[in-house]
Amino acid sequence: MNTLARSMVLALVALAVLVALLVSTGHAPLPALSALANGAFGSTYAVSSTLVRAIPLALAGLAVAVAFRAGLLNIGAEGQLLIGACVATATGALLPDVPRVLAVPLMLGAGALAGAGWAFIAAELRRRFGVLEVISTIMLNFIAIHVTGWLVRGPLQEPTHIYPQSASLPVSQQLPMLIPGTRVHAGVVVVVLLAIGLWWWLRESASGFRLRAVGMNPFAAASAGQISVSRTMVGAFLLSGALAGLAGSVELTGVTYALYENFSPGYGYTAIAVALLARLNPLTVLGTAFLFGALEAGAGAMQRNAAVPSVVVSVVEAALILLVVAADQLQSRAAQRAEASV
Amino acid sequence: MIADGSNAISGFLEATVRYATPLAFAALGECVSERAGVINIGLEGAIIAGALGATVGAGIAGPAAGFVAGVAAGLLIAVLFALFTVWLRADQIITGTAITMLALGLTGTLYRTVYGVGGVALSTPTVGVLAVPGLSSLPFVGRALFAQPAVTYLLYVLAPLIAWWMARTHGGLATRAMGESPEAAIVAGIRPRLVQTSAVLFAGAMAGMAGATLVLAQAGTFAEGMSAGRGFIAIAIVVLGRWRPLGVAAAALLFGAANALQTLFQAMGWEQVPYQLFLAVPYVLTLIVLAGAGGRAAAPKALGRRRR
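Each chain has its residues counted from 1, running along the sequence as written. Whichever chain is written first is A, and whichever ligand is written first is 1; the rest continue in order. The predicted origin of the model limits local features to residues at a pLDDT of at least 70 and limits the giving and counting of side-chain atom pairs to 80 or more, whereas totals for whole chains, interfaces and linings rest on all residues. Note: side-chain values were computed over all heavy atoms of the structure, leaving out hydrogens and water.

## Side note on the interface of chain B and chain A
Part 1 of the argument: Across the boundary between the two partners, chain B contributes 48 residues, which contact 45 residues of chain A.
Part 2 of the argument: In what follows, salt bridge is the name for a side-chain nitrogen of Lys or Arg lying within 4 Å of a carboxyl oxygen of Asp or Glu. Linking chain B to chain A there are zero salt bridges.
Part 3 of the argument: The definition of a polar contact used here is a pair of N or O atoms within 3.5 Å, where within protein one atom must be able to donate a hydrogen and the other to accept one, and adjacent residues in sequence count solely through side-chain atom pairs. In this assembly, chain B and chain A are joined by three residue pairs in polar contact (both at pLDDT 80 or more).
Part 4 of the argument: Elements that contribute at least two residues to the side of chain B that touches chain A include exactly α3 (63–87), α4 (92–115), α10 (230–240) and α12 (275–292) of chain B.
Part 5 of the argument: For the purposes of this entry, the term helix denotes a DSSP run of H or I that reaches at least four residues, the term strand denotes a run of E that reaches at least two, and both are numbered from the N terminus. Considering each element in turn, the side of chain B that touches chain A owes the most residues, 14 residues, to α4(B).
Part 6 of the argument: Across the side of chain B that touches chain A, the residue classes break down as 30 nonpolar, 11 polar and seven charged. By the convention used here, residues are in contact when the closest approach between their heavy atoms is within 4.5 Å. All amino acids are sorted into three groups, where Ala, Val, Leu, Ile, Met, Phe, Trp, Tyr, Cys and Pro are nonpolar, Asp, Glu, Lys and Arg are charged, and the leftover types, Gly among them, are polar.

See the structure below:
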């Protein structure tokens, strides 16, 4: 089945899942779906909400995709994102009087570096001690959550020390708005450029090829291609962490303007779905992140206007992943069977 | 002053065991599943499903029915996970992630639909503390170990029982063989799907039990997302316990203690101590243990691997 037909079938099944859920929980499906669509696309402001939601999902989705392409199951985007936001906040606090053209790039850069550093821990644990990254990144996510919790009650707490959050960023530390009157900030440009750059890099460059080769078969890459598997893996981890860290610092400087507990509503985990649904292709990540952004922006409106719990969209997102997984497995097993019968 | 100190400490120990109880259920189940080679990131989903199941069950027919319904709900989630990972041979991590999203979304939707967005606080009948006469008046540890809800005592039996089962029985041996060397196990006549499915279902039932314990023995109510990462914490506990049931039980206590520090600090009047950093300690410790143990050397060799 080609990609377009496949996406259509997926979208239809996801819609069917949503309708079934709505009906079985006693909600009229039509008003709910129209509230969802309106909330995601019904006005300029709605579209901007969708875009704003899509930005961190796309950046974290790129992070997951790059790692998975190298054969690394980085479940740690959530933690890398949080540490990125923490360090970006700290950088801003240390540089109160720097002009915007310098302050924002510095904060974003610091966030990306911090994310890479956080991922580097998992990379080194894997390279030196053979610790599975699936397990180490889960641990690192929790450590990041608790570090954030401590920072917003300790060193980074706002001056009155009442609320567990950081001081609001001054305008000089905020990403500029791209379109006046909406919430769309300059981060959207960063995301699109990065996605195109990553897509080109994976496709055309020698180092991108090495990364894909290691992901497909580390043993073959090492023996036939004389590729340093461990160096490539560490590199992929650093890049992945930097992207996730950037997701955190872009969200901070573009949307929330402050650090607090629960800063991320699970962006790092949703990003896994975003990356998988995009079949780990950076350009397609933009599309799936937009889709998930629309679902989540629409879900809020659905809850306000049709009294449907917004969490139904996680069921739809999960159903999409499971569908893709099942289709892939059935297809590859059919291929195996065909091969065996020849 | 001394009396205050000992009160604070016995309160701390009591809280340690209380926090550890649901964690130990989930982690012991996950331990068995991982020894069979299946890592279940969907555990979080099974816990929250167990919590909602227990709430509904207890609302209809009392706490005992609540526990049964909680276990059943955890099992149901595990059936879906087993279907994908064991039968379709899909990637365990991806499936687990999806299952957790699915269960968090589904429980949230059902709960809000039934009890309203924002919702009236719903209270569930709970099981009380069952103090063991004599033992519960031991100094320091008496109340911590022997003045707990009955489900905690179940763990005192369950942990050694699983350890014995894994070490000494045919089923236990088959389970471990699947985790270490599935090819050899299959040659030896072990049925891979049967063994892995049973292990995954057991883990699901135990995670459901963990969710039921949260509702029926602790919170007395259901709240969205009340599993609060315990499924992932359970995975850390299994690692820290080095994939051995008794080690896992001890590691659960350590995580419980980190959580209970908060109560200790409050009792001692040390509100300024950043307990969040202590909450991170068990995870750091887990990483150190993993690094020290040579990571994979300690884990079942085929953990997370897909069968071809």
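## Here's the deal with the pattern of salt bridges
All names here are of chain A.
Part 1 of the argument: Summed over all chains, the structure comprises nine salt bridges over all chains.
Part 2 of the argument: Between Glu124 and Arg127 there is a salt bridge, and its shortest N-O distance comes to 3.0 Å. Of this pair, Glu124 and Arg127 both sit in helix α5 (residues 100–129), three residues apart, which is roughly one turn of the helix.
Part 3 of the argument: Owing to a relative accessible area of 14%, Glu124 belongs among the buried residues under this scheme.
Part 4 of the argument: Taking relative accessible area as the criterion, Arg127 reaches 44% and is therefore assigned partly exposed.
Part 5 of the argument: When the shortest N-O distance is used, the salt bridge between Arg126 and Glu133 registers 2.7 Å. Side by side, Arg126 and Glu133 carry an identical accessibility label, which is buried.
Part 6 of the argument: Because the salt bridges share partners, they merge into one network encompassing Glu124, Arg127 and Arg128. Think of it in three bands: residues with accessible area under 20% of the maximum for their type are buried, residues over 50% are exposed, and the middle band is partly exposed, with areas taken using a 1.4 Å probe on protein chains only.

## Examining the packing of aromatic side chains
Part 1 of the argument: Classification of ring pairs uses Phe, Tyr and Trp, with its six-membered ring standing for Trp, and accepts pairs whose centres are within 6.5 Å; under 30 degrees between planes counts as stacked, over 60 as edge-to-face, and the remaining range as tilted. Scanning all chains against the criterion turns up nine aromatic pairs over all chains.
Part 2 of the argument: Relative to Phe290(A), the ring of Phe41(A) lies with its centre 6.0 Å away and its plane at 40 degrees, an arrangement referred to as tilted. Here Phe41(A) is found in helix α2 (residues 29–41), whereas its partner Phe290(A) is found in helix α12 (residues 282–306), with 249 residues between them in sequence.
Part 3 of the argument: With relative accessibility at 31%, the residue Phe290(A) sits in the partly exposed group.
Part 4 of the argument: Ring centres of Phe255(B) and Tyr283(B) lie 5.2 Å apart, and the angle between their planes is 85 degrees; this geometry places the pair in the edge-to-face category. Placement of the pair is Phe255(B) in helix α11 (residues 245–268) and Tyr283(B) in helix α12, with a sequence separation of 28 residues.
Part 5 of the argument: Judged by relative accessible area, Phe255(B) falls into the buried class, the value being 4%.
Part 6 of the argument: Every member of this aromatic cluster is reached through a ring pair, and the members are Phe142(A), Tyr269(A), Phe232(B), Phe255(B) and Tyr283(B).

## Considerations on the packing of α3(B) against helix α9 (residues 192–219) of chain B
Residue and element names in this part refer to chain B.
Part 1 of the argument: The N-to-C vectors of α3 and α9 enclose an angle of 145 degrees; their axes lie 7 Å apart at closest approach. Remark: the crossing between α3 and α9 carries right-handed chirality.
Part 2 of the argument: Looking at the contact of α3 with α9 residue by residue, the class counts come to 16 nonpolar, eight polar and one charged. Lines fitted to the C-alpha atoms define the axes, with helices restricted to the stretch that makes contact. Angles between their N-to-C directions range from 0 to 180 degrees. By definition, any crossing whose near helix is turned counterclockwise from its far helix by less than a right angle is left-handed, and any crossing with a clockwise turn is right-handed.

## A few points about the environment of Gly42(A)
Part 1 of the argument: Assignment of secondary structure puts Gly42(A) in the loop between α2 and α3 (44–69).
Part 2 of the argument: Separated by 72 residues in the primary sequence, Gly42(A) and Ala114(A) have C-alpha atoms spaced 38 Å apart.

## Considering the side chain of Thr89(A)
All names here are of chain A.
Part 1 of the argument: Residue position: Thr89 is located in helix α4 (residues 77–94).
Part 2 of the argument: Classification of Thr89 as buried rests on a relative accessible area of 5%.
Part 3 of the argument: In contact with Thr89, not counting residues within four places along its chain, are Leu156, Ser166, Leu252 and Leu259.

## Let's talk about the nonpolar core
Part 1 of the argument: Here the nonpolar core consists of buried residues drawn from Ala, Val, Leu, Ile, Met, Phe, Trp, Tyr and Cys, with membership extended through side-chain atoms lying within 4.5 Å. Counting 192 residues, the largest nonpolar core has Ile237(B) and Trp243(B) as the members making the most contacts within it.
Part 2 of the argument: With 13 residues, α3(A) is the largest single contributor of residues to this core.
Part 3 of the argument: Each residue touching Ile237(B), except ones within four places of it in the same chain, is listed here: Leu23(B), Ala27(B), Val248(B), Ala251(B), Ala252(B) and Phe255(B).
Part 4 of the argument: Residues Ala8(B), Phe12(B), Leu261(B) and Phe265(B) belong to the second largest nonpolar core, which totals eight residues.

By themselves these figures say nothing about function.
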